[in-house]
Every structure is written in structure tokens, then in C-alpha cells.
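Observations on the three-dimensional arrangement
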Amino acid sequence: MRRALTKTRIRLADGRELIYFDEPGAPRRDEVDRRKLPEFSTAIELRHDPLLDAEVVVASHRQERTYLPSEEECPLCPSKAERSTEIPASDYDVVVFENRFPSFASVSSELPPPPEGDTAVVRSEARGRCEVVCFTPQHDLSFAELPLERVRSVMEVWVDRSVELAALDDVEQVFCFENRGEEIGVTLHHPHGQIYGYPFVTPRTRRMFESARRHRDETGRSLFADVLAGERKAGTRIVAEGELWTAFVPGFARWPFEVHIYPKRQAPDLEALSDVELDELSSIYRDVLRGFDRLFDLRMPYVTAVHQAPVRSGRELAYLHLQIFSSRRSPEKLKYLAASESAMNVFINDVQPEQAAEMLREAVARGRREDL
Ligand SMILES: [Zn+2]
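No experiment lies behind these values; they were computed from the predicted model shown. (Residues numbered from 1 in each chain as written. Predicted model: local features only at pLDDT ≥ 70, side-chain atom pairs only at ≥ 80, totals over all residues. Heavy atoms only, no water.)

Some thoughts on the overall build of the chain
Secondary structure summary: the chain contains 6 helices and 14 strands in total. Radius of gyration (C-alpha) of the chain: 21 Å, near the 21 Å computed for a compact globule of 372 residues. For the chain, the C-alpha atoms occupy an extent of roughly 60 × 60 × 40 Å along the three principal directions. The 372 residues of the chain split such that 52% are buried. Sequence separation of 24 or more characterises 68% of the internal contacts of the chain that already satisfy a separation of 6 or more. Approximately 17800 Å² of the chain is accessible, and the part contributed by carbon and sulfur atoms is 51%. Side chains of the chain give 51 positive and 64 negative charges; the mean places of these two sets differ by 2 Å. (Helix = DSSP H or I, 4+ residues; strand = E, 2+ residues; numbered from the N terminus. Rg over C-alpha atoms; globule rule 2.2 N^0.38 Å. Buried < 20%, exposed > 50% of the residue type's maximum accessible area, 1.4 Å probe, protein only. Contact = heavy atoms within 4.5 Å. Areas by Shrake-Rupley, 256 points an atom, 1.4 Å probe, with all protein chains shown as cover. Lys, Arg positive; Asp, Glu negative; His and termini not counted. Charge placed at Lys NZ, Arg CZ, Asp CG, Glu CD.)

Concerning unusual backbone geometry
With phi around 50°, D53 is a residue other than glycine that occupies positive phi space. With respect to the helices and strands, the residue D53 is situated in the loop between β3 (44-49) and β4 (54-59). You will see that D297, though not glycine, has its phi angle at about 50°, which is positive. Within the fold, D297 resides in the loop between α4 (275-295) and β13 (302-307). Judged by its relative accessible area of 59%, D297 falls in the exposed class.

Comments concerning the packing of aromatic side chains
In the structure shown here, the tally under the stated rule is 18 aromatic pairs. Taking 4.8 Å as the distance between ring centres and 20° as the angle between the ring planes, the aromatic pair formed by F175 and F177 counts as stacked. Residue class for F175 comes out buried when judged on its relative accessible area of 18%. The cationic tip of R16 hangs over the ring face of F40; the distance from NZ or CZ to the ring centre is 6.0 Å. Cation over ring: R29 sits above Y20, and NZ or CZ is 5.6 Å from the ring centre. (Phe/Tyr/Trp six-rings, centres within 6.5 Å; stacked < 30°, edge-to-face > 60°. Lys NZ or Arg CZ within 6 Å of the ring centre and 35° of its normal.)

Structural notes on the sheet that holds strand β9 (residues 192-198)
Hydrogen bonds between backbone atoms are what pair the strands of a sheet, whose relative direction is either parallel or antiparallel. Read from one edge of the open sheet, 11 strands run β1-β2-β5-β7-β9-β8-β13-β14-β12-β11-β10, paired in antiparallel fashion. Bordering the open sheet on either side are β1 (6-11) and β10 (238-241), each of which pairs with just one other strand. Across the sheet, the mean angle separating the axes of adjacent strands is 20° when strand polarity is ignored. Pairing of strand β5 (residues 94-98) with strand β7 (residues 129-134) involves 4 bridges; the strand directions are antiparallel. (Pairing = 2+ DSSP bridges. Axes fitted to C-alpha atoms, helices over the stretch in contact; angles between N-to-C directions.)

Topic: the coordination of the zinc ion
The coordination sphere of the zinc ion contains the protein donors C74 (SG), C77 (SG), H139 (ND1) and H190 (ND1), at a distance range of 2.1 to 2.3 Å. In this structure, the zinc ion is coordinated by 4 donor atoms arranged in tetrahedral fashion, with angles at the metal of 104 to 116°. Donor residues binding the zinc ion come from one chain and are separated in sequence as C-x2-C-x61-H-x50-H. Within this pair, whereas C74 is found in the loop between β4 and β5, its partner H139 is found in the loop between β7 and α1 (148-166), the two being separated by 65 residues in sequence. (Donors = N, O, S within 2.8 Å, 3.2 Å for Na, K, Ca; no water. Tetrahedral: all angles 85-135°; square planar, octahedral: opposite > 155°, others 65-115°.)

What to know about the pairing of β4
Bridging between β3 and β4 involves 6 bridges; their strand directions are antiparallel. Within β4, the residue paired with L46 across the bridge is V57. A loop of 4 residues connects β3 with β4, the two strands running antiparallel in sequence, and D53 in this loop sits at a positive phi of about 50°.

Focus: a positive patch on the surface
Together, R204, R207, R214 and R254 line one region of the surface with positive charge. As for its placement among the helices and strands, R214 is situated in helix α2 (residues 203-219). (Patch = residues over 30% accessible without salt bridge, like charges linked within 9 Å, V, L, I, M, F, W, Y side chains within 5 Å. Salt bridge = Lys/Arg side-chain N within 4 Å of Asp/Glu carboxyl O.)

A closer look at the layout of surface pockets
Rolled over the atoms, a probe with the dimensions of a water molecule shows which regions are left empty. One number sums up the size of the second largest pocket: a volume of about 310 Å³. What lines the second largest pocket is a set of 23 residues, among which R180, G181, E182, H189 and R299 lie closest to the centre. Per element, the largest residue contribution to the lining of the second largest pocket is 3 residues, and it comes from strand β8 (residues 173-180). Within the lining of the second largest pocket, the residues separate by chemical class into 10 nonpolar, 7 polar and 6 charged. (1 Å grid on protein atoms, 1.4 Å probe; cavity = no way out; pocket = protein on both sides within 12 Å on 5 of 7 lines; lining within 4 Å. Points joined across faces, edges and corners; volume = space filled by probe spheres on them. Nonpolar A, V, L, I, M, F, W, Y, C, P; charged D, E, K, R; others polar.)

Observations concerning the nonpolar core
The biggest cluster of nonpolar side chains holds 54 residues, and the ones touching the most others in it are F143, W158, F257, V259, I261, L281 and Y285. Looking at which element gives the most residues to this core, the answer is α4, with 8 residues. When residues no more than four places from it in sequence are discounted, the contact partners of Y285 are F143, M155, W158, E178, I261, Y302, T304, L322 and I324. Counting residues in each nonpolar core, the second largest holds 15 residues, with L76, I87, A89 and V95 among its members. (Core = buried A, V, L, I, M, F, W, Y, C linked by side-chain atoms within 4.5 Å.)

Have a look at this one:
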């Protein structure tokens, strides 16, 4: 069912935008950010790598960002009388704000001109937008522990932000993601996700669409739909099957534990999903996350990537899906991006996808039984 969320926009002390998304019954959000912050400014540039035909973001100001603060210093907890955080209110449901240390910014960067004579590098401004999504005021909770209604609210917020960011002139692709764990590079413990509005189409998306275009030219069919049909026919790597969605470990998984969640019909982006599709996605996504945590009975580090159509190209080829993966391959061992992965982009997976699927299927089923 559609979540009726109340949207309240404010400006933080340095000019960044913050938006509360409140569920019914929340109080008015009229608190003011009383911090003394320097005006929001960034120092980011894009540099083009001609060898890979890809952009590199140079964002040196991110070195200054808050790194694993204690709960007493957490910038994502609500504000208290004695301490102001990024969120001026004393409580919240879901809140979104512009990242103070973004990789792409809505304001011009203050960059010195390149050294005279340095024409080796093609530089451009890293315009775009980076947002932080906080989905609970509780510092120690994780996404998998949210009530289903709140997960559904987050989905609604993902849709809202995807539509709004796609309307910005500088944005070519909107990427909603969520992750957890120091092991994969999270710098704040407080549960949160992020949304990037990239000023270009990302290399992975470009590559996927090249494959999809080729497949369509050769067969007339959607590559993504064929991958899903193949997995459903094989059955051995299915983790959870709903009426409208399927969760599976792809037979070509790169990570020790990797699950893709596909809708059973082709939808290019989050906005194209119906209310009932978002309802079922909320529960199947939460089931998969809970399954991850039950694998070894510990909080798994993970990344969730929402793959959706770029803003201005490839819409007819796009097939929205979620990709969730963990770098933990056993209770004691992590998978690192070593020489082959980081230098050659060839992944070596230590866990057989069929075995990972069996373990995850059992863990998801156990989670559902425990919920009853
Ligand atoms: Zn916190």
C-alpha cells in the first residue's frame, strides 16, 4: 500500500538541503539548525581516464570527513538540547540531506587552475548531487531490523529522490545504495544509505547495456529477462520467490554471497513500479538481508545497489534490479579485491554460487519461520 509521507524541506546552517519524510502522526518539523558552519563548498573535479574511457573523481576534501565517530559524536543521530547534529529535530522517521562531503556537488567547486603547461589531463567539474538517507534515529539498528512499514517508507523515498534527482540538469544516472560494515568501507556506524546523482552514465551500466543491446539485436529479447528466466528454470540458485519478484544468486556471481532481486516484468526504474510491486519488494529485500545475517549468525557487511535506467539513454533496454553482496566468505574470512580483481577486473569467487544459494535459501526460510 502506498505510504503517505509528509515532506518537509529545510536548509541546514551551511545552505545544504534537508528533507524530512514523515509517517502519519509525526510532529511538525520546524527546528532550526543552530550550528555555526562555514558555507557549503567543495573541491571536486572529474578527470578523464583515456585508457579506460572512464571518469575518476578527485575529491580531496573527503579526507577531512568524519571517520567512525562514537555514538556520542554521531552526526546522524537526532539533535539533543546539548548537542546539534546534521538533523536538527529531536526525532525523525526517514530523513534525506545533501552530503557535507560529497563526491558530486550541486555547488561549484573551488579549485585552483591546473598548473601552466599541464595539458595531459582532461578535467571537468563534478556537478551532480550526493544525498545521505537516514532511516532510523536508533544508532544501533540495522536495515534488516526495521519494521516492514519503515522499509516501505524507504522505498517511497528512493522513488521520490530518483525522480527529483533525475530532473536536475547535471544528473545522468541516479544510484540509490545502502551498505553496512567497516569491512566494506562504511565510515559512520549509524545505519544509513546514500544516493548519488552522477553527471555521467557509470561504466558498469554502460557495459551492461552494450551486452543488452547486442542480445536484443541477435535475439529480439531482453537480456535481463532471459537471465531471470534461465535462473527460474534452473531453480538451484533461487533464494526466495514471490508473486512479483525473484531473488537468486546469479550463476556468474562475483562475490562469495551475492543476491540479485528482479521483478518478474520489465520495469526500467523505481518510478515504474506499482504500489504492490514496492510492497513485495520491501518484504523480499528485508528477508534477504535477514538471511545474510543468519548465515553465520553475525552482522554481515554488505552493499545493496539499485540498478535503474540512466536518465537520458537506454531506457528501452533497462531492467531495474537490486544487487546485494557481501565480502565476507566465512565467519573469520573476508574476500579482498586482490591483484586479479583490482588490477585486471577478473573476479575469483571462493564460494560456489549453488552452495551460496543453498545456504542463503535456508537462512531466509529460517528467518521467516522465526518471524511467525
Ligand atoms: Zn547515530
